[in-house]
Amino acid sequence: MPAEPSLDDLRRYALARTLFTPTTLLGAIQRLGFVQADPIRAPARAQDLTLRHRVKDYRVGDLERRYESLAIDEDCLINYGFLPREHLALMHPRQAARHWDAENERKAADILAFVHERGAVHPREVEAHFAHGRVKNYWGGSSNASTHLLDGMHYRGLLRVRRRDSGTRVYEAVAHPPLDDSPEGGARRAAALIDLVVRKYAPLPAASLTYLVRLLGYGAPHLAAQKQAALRLAREQLASCRLDGTIWYWPADEKPRSRRHTVDERLRLLAPFDPVVWDRRRFELLWGWRYKFEAYTPPAKRQFGYYALPMLWRGHVIGWANVSAREGRLESVFGYAAGSAPGGAAFRSALDEELQRMEQFFAAR
């Protein structure tokens, strides 16, 4: 019987499977399966910070600039982001947990006819034509009612994002292929969704696997019962081990102890939502300290900073950086889990090289 992987094996495996050799933009998104989006730019959006480690010669904004030419979509999975178009068939037509009343159904039908007529619409065009007014938003403030309706239509699969104009979604109508809504079809889609997130975030502690399946309720709320059944089956079919009381899961066709999972000398500053650090439970188990995303924490209570980028070097996340771009130059402030920076020229050289790569990442094409 093969030996169980050690925690060091799991660390190397977690890094090797997601920090693959940089490839094309579409190839990287297909390999990742999903790229989480975030609007904060500190110093760049999370999707750009994630892709720069995995796409050859990636520059800030390349995803938005090239979006229309790629077979990808902005949509929901465990949260909002970008995913290969073929994954949409696992979730659409999506049945929202909150049903519209007759008035919203009528308004949505009118907007859809308007979009079909125009081909692609900016929210300003919809508001100018229909004058829907304002509605109370999720945070208790007020939002443009037309934008709110467009968001709902996008979520329900009536619209897709065709492109963005200065960051604002421009929508077009979309028709999804016929859905196999049989019990067997639902079970297959639920199993495929669980496989997708496991392959993105493995190796996973048992509690994180359960949490991810719960988050899939955002992308596929109508598959709740099927996902629970698929989760029970996944626990039986995935490879697993127990380390220090924690059960870990990973795809059965992968080998965490493989000698191919080598650690390089490159230092990387990662996005707060990068697959390496996204799961805070896994992060603490693998790297031995607790990282927190503090953009919404009051400044006086922050330990790491507004938008701390975890610092990966030699197979360990050893600290963090807060980086800002001012007048074409990067300004950086660093912190370290051990209290101080590693000594020696190798670390200083690796950090300098990463900051040079970031400068290139911000350079105009």
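Below: a short report on this structure. (Residues numbered from 1 in each chain as written. Predicted model: local features only at pLDDT ≥ 70, side-chain atom pairs only at ≥ 80, totals over all residues. Heavy atoms only, no water.)

1. Focus: the sheet that holds strand E3 (residues 80-84)
Reading across the sheet, the three strands line up as E1-E3-E2 and stay open at both edges, with antiparallel pairing between neighbours. In the strand order of this sheet, the two ends are held by strand E1 (35-36) and strand E2 (72-76), each with one partner. Direction of pairing for E2 relative to E3: antiparallel, over a ladder of five bridges. What sits directly across from aspartate 73, in E3, is leucine 83. (Pairing = 2+ DSSP bridges. Helix = DSSP H or I, 4+ residues; strand = E, 2+ residues; numbered from the N terminus.)

2. Regarding the pattern of salt bridges
When the charged atoms of two side chains lie near each other, side chains of opposite charge can form a pair. Per the stated rule, a full pass over the model turns up 30 salt bridges. Here glutamate 103 makes a salt bridge to lysine 107, at a shortest N to O gap of 3.3 Å. Taken as a pair, glutamate 103 and lysine 107 lie in helix H5 (residues 102-118) at a separation of four residues, close to a single helical turn. Taking relative accessible area as the criterion, glutamate 103 reaches 44% and is therefore assigned partly exposed. We classify lysine 107 as buried; its relative accessible area is 17%. Measuring nitrogen to oxygen at the nearest pair gives 2.7 Å for the salt bridge that ties arginine 188 to aspartate 180. Classification of aspartate 180 as partly exposed rests on a relative accessible area of 34%. Among the charged side chains, a network of salt bridges with common partners joins Glu68, Asp73, Arg85, Arg160, Arg162 and Glu172. (Salt bridge = Lys/Arg side-chain N within 4 Å of Asp/Glu carboxyl O. Buried < 20%, exposed > 50% of the residue type's maximum accessible area, 1.4 Å probe, protein only.)

3. Observations concerning the layout of surface pockets
In this structure, the second largest pocket encloses a volume near 380 Å³. Arg17, Thr18, Arg31, Arg199 and Glu254 are, among the 17 residues lining the second largest pocket, the residues nearest its centre. Of all the secondary structure elements, the ones that give two or more residues to the lining of the second largest pocket are helix H1 (7-18), helix H2 (25-32) and helix H8 (183-201). The greatest single-element share of the lining of the second largest pocket, amounting to four residues, is contributed by H1. The class makeup of the residues in the lining of the second largest pocket is five nonpolar, five polar and seven charged. (1 Å grid on protein atoms, 1.4 Å probe; cavity = no way out; pocket = protein on both sides within 12 Å on 5 of 7 lines; lining within 4 Å. Points joined across faces, edges and corners; volume = space filled by probe spheres on them. Nonpolar A, V, L, I, M, F, W, Y, C, P; charged D, E, K, R; others polar.)

4. Let's talk about the nonpolar core
Note that soluble globular proteins tend to have their nonpolar side chains buried in a common cluster. Counting residues in each nonpolar core, the largest one holds 109 residues, and the members touching the most others are Leu51, Leu77, Ile78 and Leu269. Residue contributions to this core peak at seven residues, all from H8. Setting aside its immediate chain neighbours within four residues, leucine 269 contacts Arg52, His53, Leu309, Pro310, Met311, Ala321, Val323, Glu354, Leu355 and Met358. (Core = buried A, V, L, I, M, F, W, Y, C linked by side-chain atoms within 4.5 Å. Contact = heavy atoms within 4.5 Å.)

5. Remarks on the pairing of strand E12 (residues 309-313)
Along E12, five of the five residues are buried, which leaves the element largely enclosed by surrounding structure. Sheet topology places strand E11 (residues 268-269) next to E12; two bridges connect them, and they run antiparallel. Counterpart to arginine 268 in the pairing with E12 is leucine 312. Pairing of E12 with strand E13 (residues 316-326), which is carried by five bridges, proceeds in the antiparallel orientation.

6. Describing the environment of arginine 199
Looking at the element boundaries, arginine 199 is found in helix H8. For the pair arginine 199 and proline 251, spaced 52 residues apart in the sequence, the C-alpha separation amounts to 6.7 Å. What arginine 199 contacts, discounting residues up to four positions off in sequence, is Arg17, Pro251, Asp253 and Glu254.

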